[in-house]
Amino acid sequence: MPVSKFESMLKTNSVYFFDATEFEYIIEHYLNIGKHSLAKKAVKLGLEQHPTSIQLKLMQVELLIFDGELPSAIQLLGEIEAVEPHNDEVFIQKATILSKKNKHKEAIEVLKESLEYVEGPEDIWSMMGMEYLYLDDYENARLNFAKCIDVDYEDYSSLYNIVYCFEMEQNSEEAIKFLNSYIDKNPYSEVAWHQLGRQYFEIKMYKKALESFDYAVIIDEAFIGGYLEKAKTLEKLEKYEDAIDNYLITLELDDPTAYAYIRIGECYEKLGNVSTAIHFYKKAVHEDPLLDRGWMMLTNACYTNKNYPKSLYYVNKAIQIDEENALYWRKYGDINLKLNFYEEAVKAFYKCIDLGDKEIEIYVALADILLFLGDFNDALVVLIKAKKIYKEFAEIEYRLCGLFMILDKEEYSLTHLKNALAIDYEYNFIIKELYPTVFQNIKVKEIINNFKRVVK
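No experiment lies behind these values; they were computed from the predicted model shown.

Section: the overall build of the protein chain
Argument step 1. From N to C terminus, the protein chain includes 28 helices and zero strands.
Argument step 2. Against the 2.2 N^0.38 benchmark of 23 Å for 456 residues, the protein chain shows a C-alpha radius of gyration of 34 Å, more extended than a compact globule.
Argument step 3. For the protein chain, the spread of C-alpha atoms along the three principal axes comes to 105 × 50 × 50 Å.
Argument step 4. For the protein chain, the proportion of its 456 residues judged to be buried stands at 46%.
Argument step 5. Across the protein chain, every contact between residues at least 6 apart in sequence was considered, and the portion connecting residues at least 24 apart equals 48%.
Argument step 6. Counting only carbon and sulfur atoms, one obtains 50% of the accessible surface of the protein chain, whose full area is about 24200 Å².

Given below as structure tokens:
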């Protein structure tokens, strides 16, 4: 074997002779397994023994391009082109260099020129397709990849690229037409059936998607992607037990994934089996402890079961992973409210606002907790900020009425009361609930009763 002989030579510092073809084989081997330093050594020794070998020089160009040494690659390629101007590899490397320099149109022109000289144009069409992709010209990209498919129906790389072009054009209908036409000629392609199912799924034709995924896994019983997509489709059809069965198959076929465990857990939750859902969520976070979504699924499931201490423990895990997620802080606030940890709830809702969560529920909840804690001025500040965003909301106006009255600013209080009543008279019960002493105020009662008569 040339490779073992070459490595033996390196270990002993001896110099063995290899013919040019053997060096090409050795270099190709190292390039395929990603050992570029050994490939470079082989090129260097190869050119020392065969200084006129065009193929070895072309391999050197390839390595120079890989290392980003484009000026050296261009110079060497110019020397090769002077000797063999119509060598198809010269065109390919010229196009590669142009592409690296973001000159994609020029690269396409070079590749078009090469078609006059190459024997098998499939690689050129594929490269042209990629260059058109860089230009976001999906139609021309698709046409070039389609030429590759016409020559080799097992060219799944081109098939994926064609479907990708349709997806970027947001044209699932045409993708479906193409894939059905492809399947007519190659009916036992699990890849094509899988891609067809994904397109049907995209346009919410779930029964057709399920049929496609069924064919994919019948053709290849070990096709994990097929089972995953089939399971997701079954979820959409609310066939949760069947979905679980398919997710479990993926766990048998390959190493378990946190994603599959979470999906199984969600299916069990939808079936009302929260305890089993929690079991699978725990498996998910065991598989991937840094998966914040897994910790949040545990948080929500325990919250549903009213196990608030556990829920608090899990939401803290999620926040440790992503402390900039406002939704996590909102949940943290809700849980602390359930546990009567009001200071922590206040901290959480302030954090939500800092992170850009400006929902009215956040402001109202924060103001109500501050009211409960007796921090009336802070509550007032929160509501005034909310009013700048939500200008005509009874929830805010009634609360401003109550707070201003508590702070002995009756005129402001009554103004906000009138605003609130004009917006939503029926919601005035909130004063009685949150501000019972204010509700007993004679002027407040009088204004509410006068509004009541007007409304009637």
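Some remarks on helix α12 (residues 190–202)
Argument step 1. Spanning 13 residues, α12 covers 18 Å between terminal C-alpha atoms, matching the ideal 18 Å at 1.5 Å per step.
Argument step 2. The element α12 is largely enclosed, with a buried count of 11 among its 13 residues.
Argument step 3. Contacts made by the buried residues of α12 are with α10 (156–168), α11 (172–185), α13 (206–219) and α14 (224–236).
Argument step 4. Once α12 finishes, lysine 204 follows within two positions and takes phi at roughly 65°, a positive value.

Things to note about the side chain of serine 189
Argument step 1. With respect to the helices and strands, the residue serine 189 is situated in the loop between α11 and α12.
Argument step 2. Judged by relative accessible area, serine 189 falls into the buried class, the value being 0%.
Argument step 3. A polar contact is formed between the side chain of serine 189 and the side chain of tyrosine 156, at a distance of 3.2 Å.
Argument step 4. With residues near it in sequence (within four places) discarded, serine 189 still touches Tyr156, Tyr182 and Ile219.

Observations regarding unusual backbone geometry
Argument step 1. At lysine 204, a position not held by glycine, the phi torsion is positive, near 65°.
Argument step 2. Position of lysine 204 among the secondary structure elements: in the loop between α12 and α13.
Argument step 3. Among the residues examined, lysine 204 registers a relative accessible area of 60% and is labelled exposed.
Argument step 4. Positioned with a positive phi, glutamate 238 is a non-glycine residue whose angle comes to about 60°.

Considering the environment of leucine 228
Argument step 1. Note on placement: leucine 228 falls in helix α14.
Argument step 2. It is 28 Å that separates the C-alpha atoms of leucine 228 and leucine 327, two residues lying 99 residues apart in sequence.
Argument step 3. Those residues in contact with leucine 228, other than ones at most four positions away along the chain, are Tyr247, Thr250 and Tyr259.

Structural notes on the environment of glutamate 28
Argument step 1. Structurally, glutamate 28 can be placed in helix α2 (residues 20–32).
Argument step 2. Separated by 91 residues in sequence, glutamate 28 and glutamate 119 place their C-alpha atoms 21 Å apart.

Looking at the pattern of salt bridges
Argument step 1. Evaluation of the coordinates by the stated rule reveals 15 salt bridges.
Argument step 2. Here glutamate 235 makes a salt bridge to arginine 263, at a shortest N to O gap of 2.9 Å. Taken together, the residues glutamate 235 in helix α14 and arginine 263 in helix α16 (residues 258–270) connect sequence positions 28 residues apart. Just as glutamate 235 is buried, arginine 263 falls in that class too.
Argument step 3. We note a salt bridge from glutamate 266 to arginine 263, for which the minimum N-O separation is 3.5 Å. With glutamate 266 and arginine 263 both in helix α16 and three residues apart, this pair spans about one turn of that helix.
Argument step 4. Note on glutamate 266: relative accessible area 15%, which makes it buried.
Argument step 5. Since its relative accessible area comes to 17%, arginine 263 is described here as buried.
Argument step 6. What emerges from the salt-bridge pattern is a single network uniting Glu235, Arg263, Glu266, Lys270 and Arg293.

Procedures and definitions
Residues numbered from 1 in each chain as written. Predicted model: local features only at pLDDT ≥ 70, side-chain atom pairs only at ≥ 80, totals over all residues. Heavy atoms only, no water. Helix = DSSP H or I, 4+ residues; strand = E, 2+ residues; numbered from the N terminus. Rg over C-alpha atoms; globule rule 2.2 N^0.38 Å. Buried < 20%, exposed > 50% of the residue type's maximum accessible area, 1.4 Å probe, protein only. Contact = heavy atoms within 4.5 Å. Areas by Shrake-Rupley, 256 points an atom, 1.4 Å probe, with all protein chains shown as cover. Expected span 1.5 Å × (residues − 1). Polar contact = N/O pair within 3.5 Å; in protein donor to acceptor, adjacent residues only side chain to side chain. Salt bridge = Lys/Arg side-chain N within 4 Å of Asp/Glu carboxyl O.

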